Amino acid sequence: MSSYLEATARQRLAALISDFTEFLPPAKEWTSPHLPQLNAPVSFDDGVVIGRGTIDGRQAYVAVQEGGFMGGAVGEVHGAKLVGLMRAAVIHKPQALILLAESGGVRLHEANAGLIAVSEVMRALLAVRAAGIPVIVVIGGSNGCFGGMGIVSRCANVIIMSEEARLAMSGPEVIETANGVEEFDSRDRALVWRTTGGKHRYLLGDCQMLVADDDAAFKAAIVQAMQDSAQNEVALSLAALEEEQKMLTARLQDFGGMTEPMDIWAAMGVEHPEDIAMLDTQAFLQLSASIRQTERQHG
């Protein structure tokens, strides 16, 4: 068993993707033009690796964010590399576009350039989906996936997470800074994972697959998602958007007054929500399946 959480971007790439060809490799020296002006260090790949390869014999275009460089934050060059990969995917039609995401969001050092980059990534990702190419996002790094990249991830066809992964719009520290520790205590690690972690996101339906923190488990899930892409496809249409809004409205009505995730789990039918954190992945998935079966039976 090899931990996905503890690996670097290039280690994850080597574990999951075969025959990888990197676009814009380090020799091209694509680094941020903004960071040197702030006396900040640059990275030889600006914190993201892009290219094409295969997974279980299936062709894929792949991007991997490096959480070890500025928390995987998106700047101008970082975003341009993602956009370029996605535009190339639309032209060359791989069987999937895979994003191994680990990011705190926009790189604040680059201000508006970072914000514009994230908006361009979102537009490019939706163009990939509109071209009939499934987009699969994998989240399992220690930095989680927040801010603009959290929004980008939710634009994908499928999100795969581990229990240790985190996904949200605003990070715990951002919420605490903006609204105070009474609103959200970022030092309460158990609360952070209950609120933004993989188990909570899976129960709410924000991610479609939950796996153990293991390279092999993530790889198997990606292969399964590629095989099931036809069934998982959600049309980019007004009707689909309206259905999504209905779901979010119902969620707000059902859980909007609750501030503790365990209360939400109890409302969903979990008899002992305090036990969720201690369940291994397989036991948790069995519990989730029984809850969803009960929901279907009661209409």
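It should be noted that the structure appears before, not after, this text.
So, here is what we can say about the structure in this document. (Residues numbered from 1 in each chain as written. Predicted model: local features only at pLDDT ≥ 70, side-chain atom pairs only at ≥ 80, totals over all residues. Heavy atoms only, no water.)

Regarding the pairing of strand β5 (residues 135-139)
Where we set the bar: Per-residue accessibility, obtained with a 1.4 Å probe over protein chains only, is compared with the maximum for each type, and a residue is labelled buried under 20%, exposed over 50%, and partly exposed between these values. Helix numbering and strand numbering both begin at the N terminus, where a helix is a DSSP run of H or I of at least 4 residues and a strand a DSSP run of E of at least 2. Handedness is read with the strands pointing away from the viewer; a crossover is right-handed when the path from the first strand over the helix to the second is clockwise. Pairing between strands is defined by DSSP: at least two bridges between the two strands are required.
Of all 5 residues making up β5, 5 are buried, and the element is well covered by its neighbours. The alternating pattern of β5 places V135, V137 and I139 and I136 and V138 on opposite faces, both of which are buried. In this fold, the crossover linking strand β4 (residues 96-101) to β5 by way of helix α3 (residues 111-130) has right-handed handedness. Pairing between β5 and strand β6 (residues 158-162): 4 bridges, direction parallel. Counted as the bridge partner of V138 is I160 from β6. This β-α-β element, β5 to helix α4 (residues 147-154) to β6, shows right-handed connectivity.

Observations regarding the pattern of salt bridges
Close approach of charged atoms allows side chains of opposite charge to pair. What counts here: When a carboxyl oxygen of Asp or Glu lies within 4 Å of a side-chain nitrogen of Lys or Arg, that pair is called a salt bridge.
Scanning the model with the defined rule gives 14 salt bridges in all. R154 is the partner of E244 in a salt bridge, and the nearest nitrogen-oxygen pair spans 3.5 Å. You can see E244 sitting in helix α10 (residues 238-255) and its partner R154 sitting in helix α4, a full 90 residues away along the chain. Taking relative accessible area as the criterion, E244 reaches 34% and is therefore assigned partly exposed. Classification of R154 as partly exposed rests on a relative accessible area of 32%. When the shortest N-O distance is used, the salt bridge between K199 and E163 registers 3.3 Å. You can see K199 sitting in helix α7 (residues 198-204) and its partner E163 sitting in the loop between β6 and α5 (172-179), a full 36 residues away along the chain. Taken together, the salt bridges that share partners define one network made up of R154, R201, D206, E244 and R251.

A word on the environment of L125
Test applied: Any two residues whose heavy atoms approach within 4.5 Å at even a single point are treated as in contact.
The residue L125 is located in helix α3 in this model. In this structure L125 touches M86, V135, V152, C155 and A156, once residues within four positions along its chain are discounted.

Focus: the nonpolar core
Rules: Residues grouped as a nonpolar core are buried Ala, Val, Leu, Ile, Met, Phe, Trp, Tyr and Cys residues, joined through side-chain atoms within 4.5 Å.
One finds L97, L99, I139 and M161 to be the most contacted residues of the largest nonpolar core, which totals 48 residues. Other than its neighbours up to four places away in sequence, I139 contacts A101, G144, C145, S153, I159, I160, M161, S162, A165, R166, L167 and F218. With 25 residues, the next largest nonpolar core counts I17, I55, A96 and F218 among its residues.

Some remarks on the sheet that holds strand β2 (residues 48-55)
Filter applied, for reference: Axis geometry follows a simple rule: fit a line to the C-alpha atoms, using only the stretch in contact for helices, then measure angles between N-to-C directions, giving values from 0 to 180 degrees.
Spatially, 7 strands are ordered β1-β2-β3-β4-β5-β6-β7 in an open sheet, and the strand pairing comes out mixed. The sheet is open, and its two edges are formed by β1 (18-23) and β7 (209-211), each paired on a single side. Averaged over all neighbouring strand pairs, the angle between strand axes comes to 25 degrees, with direction disregarded. Relative to β7, β6 is paired through 3 bridges, and the arrangement is parallel. The residue bridging S162 from the neighbouring strand is V211, located in β7.

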